[in-house]
Amino acid sequence: MFQIKPNKKQTIITKTIPEDALDILRNGFFAYFGTSEHRCIPHLTAMFYVWDETNQTIFLVAAKSSHKILNIRKNNRVSVTVDIRDPVDPSKNSGVLIRGRAMMIEMELVKETMTLIFMEKYIEFLGKGYPPGSRIAIRVTPDVLSYWRGTTFFRWTKDT
Amino acid sequence: MTSRAQRTRLKNRKWIYEDIVERVPPFRWLPPTLDVVAQLVLVEGLGIAAFLYWQMPINTVIFGSLAIAYTVVWSAGCLFIAPSLRRLRDPTNEPELEVLESYRGRVLLNRGYELIGGVSFFVFFVGYMFYNPNILQGFLGAGYGNPLLFILIGVLAWDVSYRLGLSFVATLLAANRSIRLSLAARRRRGLQYTAYSEVRTLKFLDSVNLYWGASAILVLPIAAADPLIFYGLLAFLGAILGLSALSLMAMETVPWLPPDVEGVLLNERFAYVGVCTKRQPHVTPVIFAYDGKALYFAISVGSAKYRIIKENRNVAVLVDMRDRKNPVNNRAVLIRGHAQILGEISPIGILRMFVYGLWLVRVWLRFQTKYPRYTKFYEDRGDELPPVWQIKPFVSRVLVRVDPVKMTYWREASPTPLRV
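No experiment lies behind these values; they were computed from the predicted model shown. (Residues numbered from 1 in each chain as written. Chains lettered and ligands numbered in written order. Predicted model: local features only at pLDDT ≥ 70, side-chain atom pairs only at ≥ 80, totals over all residues.)

Asker: Is there a simple way to explain the overall build of chain A in this structure?
Answerer: Counting its secondary structure elements, chain A contains three helices and eight strands. For chain A, the sequential pattern of α-helices and β-strands runs β-α-β-β-β-α-β-β-α-β-β. Each of the 160 residues in chain A was classed as buried or not, and the buried ones make up 29%. Summarising the internal contacts of chain A: among those between residues at least 6 apart in sequence, 69% fall at separations of at least 24. (Helix = DSSP H or I, 4+ residues; strand = E, 2+ residues; numbered from the N terminus. Buried ≥ 20, exposed ≤ 12 C-beta atoms within 10 Å, placed from the backbone. Contact = placed C-beta atoms within 7 Å.)

Asker: What exactly am I supposed to notice about the overall build of chain B here?
Answerer: From N to C terminus, chain B includes 16 helices and seven strands. Taking 420 residues into account, the globule formula puts the C-alpha radius of gyration at 22 Å, and chain B, at 28 Å, lies well above it. Expressed along its principal axes, the backbone C-alpha trace of chain B runs to roughly 90 × 50 × 40 Å. Within chain B, the fraction of its 420 residues that count as buried is 35%. When contacts within chain B are restricted to residue pairs at least 6 apart in sequence, those whose partners lie at least 24 apart make up 73%. (Rg over C-alpha atoms; globule rule 2.2 N^0.38 Å.)

Asker: Would you mind showing me how to read the packing of helix α4 (residues 58-87) of chain B against helix α9 (residues 196-214) of chain B here?
Answerer: Each pair of packed helices can be summarised by the angle the axes make with each other and by the distance between the axes. Residues and elements named next belong to chain B. Viewed as axis vectors pointing N to C, α4 and α9 meet at an angle of 160°, and their least axial separation amounts to 10 Å. One way to sum up the angle between α4 and α9 is to call them roughly antiparallel. Judged by the sense of rotation from one axis to the other, the crossing of α4 with α9 is left-handed. Here Trp74, Gly77, Phe80, Ile81, Ser84 and Leu85 of α4 come into contact with α9, specifically with Thr201, Phe204, Leu205, Val208, Tyr211 and Trp212. (Axes fitted to C-alpha atoms, helices over the stretch in contact; angles between N-to-C directions. Parallel < 35°, antiparallel > 145°, perpendicular 65-115°, else oblique. Left-handed = near helix turned anticlockwise from the far one by under 90°.)

Asker: What's the story with the domain arrangement of chain B in this structure? I'm lost.
Answerer: Residues and elements named next belong to chain B. Annotation of chain B at the domain level lists domain 1 (4-252) and domain 2 (259-418). Between domain 1 and domain 2, the C-alpha centre-to-centre distance is 43 Å. Each partner contributes residues to the interface: domain 1 has four residues there, and domain 2 has four residues. Taken together, the residues of the side of domain 1 that touches domain 2 break down into one nonpolar, one polar and two charged. (Domains from an automatic or database assignment. Nonpolar A, V, L, I, M, F, W, Y, C, P; charged D, E, K, R; others polar.)

Asker: Please clarify how the confidence of the model for chain B should be interpreted in this entry.
Answerer: Predicted coordinates in regions of low pLDDT should not be interpreted in detail. Looking at chain B as a whole, its pLDDT mean stands at 83, while 94% of the residues score no less than 70. Summarising per-element confidence for chain B, the mean pLDDT is lowest in helix α1 (residues 4-12) of chain B (61) and highest in strand β1 (residues 270-277) of chain B (94). (pLDDT = per-residue confidence, 0-100.)

Asker: Looking at this structure, how should I read the interface of chain B and chain A?
Answerer: Accessible area lost on assembly of the parts is the figure often given for the size of an interface. Contact residues are listed per partner, giving 40 residues for chain B and 36 residues for chain A. Counting only elements with at least two residues in the side of chain B that touches chain A, the list comes to β1, β2 (280-290), β4 (314-321), β5 (331-342) and α16 (372-381) of chain B. A per-class count over the side of chain B that touches chain A returns 24 nonpolar, nine polar and seven charged.

Asker: Could you clarify how one ought to interpret the environment of Val199 of chain B in this entry?
Answerer: Residue and element names in this part refer to chain B. If you trace the backbone, Val199 turns up in helix α9. C-alpha separation for the pair Val199 and Ser178, spaced 21 residues apart in sequence, amounts to 9.8 Å. Discounting residues that sit within four places of it in the chain, Val199 has contacts with Thr194, Met251, Val254 and Trp256.

Encoded structure:
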């Protein structure tokens, strides 16, 4: 009863994905990938990703036997966060939260250019002989994309 | 390391009381919870029959019933303590494992430790009754001198002595174990630790020890008949209280998580919180504080997290060390558990604040020391922000406490599940 009521009007609705949000997605290094288990128990991991500019989708690579893949098989609703952290000034914190559906694609079927961009980006981290057969690509198509800069919030929805 | 034979012995070895309950009819036919009731009915029935037969004074039946009540209350505690002690899982840190093994061995396997206290109390009691027979005479009235009644009193005295002795020895051993465990915990390396479910069980056992000791208050009115016994019992209660406090304080200093995990939680500044509503996960970054036990993060009442956590308290929190250049330096901790919102003005919120009380102030201070620049930012420019983002406890900001259920630690890309 003492609490402030949240004002939804403060979120700015955009018709296209804001350019700043795209910049974060292009330049980010780690993505935080959220899936959910049975009975809506969340699971979260840090992952490598590539933003696919032409299709406006996000590509991630995971081990086939990993927990997140098992979760996606049961529920393909996922969420991906890429953000810029500022330990000094909270008004400079910004980030993108993508909520959407995940689709699993065998590594051989992923466009070659995407695989190359991915390998180039994470060359330091990927061992010799990458990608091994035990891996699978996840493509996330955004349904809702939220972008924040300090305390300003933007929201893009696929249907608008 | 414990050998398999010792493990089996640990599992099968019972205290004398448990053996009786398991083997002697009618207790062996009853489920454990009813054993205590059966014990009460049987012994009290016997006592009342003796009271009627020998026409003893009325206060004898009251005092006798108190002694019987003590044995029953103690036995109820015994039903919890021994099984939980056997169920304790092994710490992954060798020195801590040794401490726990020796404690378990002493409490469960060593009949000497089990009986020494009881025998001492019993010998003292019998000796004192010979030295000062007036006390017993006053209690038993007309029946004094009857050998059957002496046997009955003797059995009751042994029952009480055995329990007093065992509670004292158990509390003494627990205090010794807690101090040694706390010292051994300082020698942890890497992912070695005692899972905090076990730490919690040990603390629970300590509280049962305290309950055991404190239940001796029931025999205080009987002891009031003689100053020596009375003050002796008071000293016993004081010792139990002191040792239990010492044990609990030592257990408080045992960290709940292994040093590698604590290293990530104490040094990192950001955490990612995953929540879920209507099968849709939601991930956002937060600032957080870790107090050696649970993880706390502060959220605005205007955020989606707040709304979702109120619907579904399952959360996943990921804290990670990032290094773009060197893969070896990448580490992460994923804590999955239950969230509890603290700092709401609502009946349940006020109850939680009452439970956590000053601890919340400590957590707020921890936030302020961990994020001095953030605190300054909100102090200087807070008024320019929308009301829901201002730092106003209870009004616009609440704390969320995460109690872990599952935990995973990553070094590079290889996960290690940790027991909680």
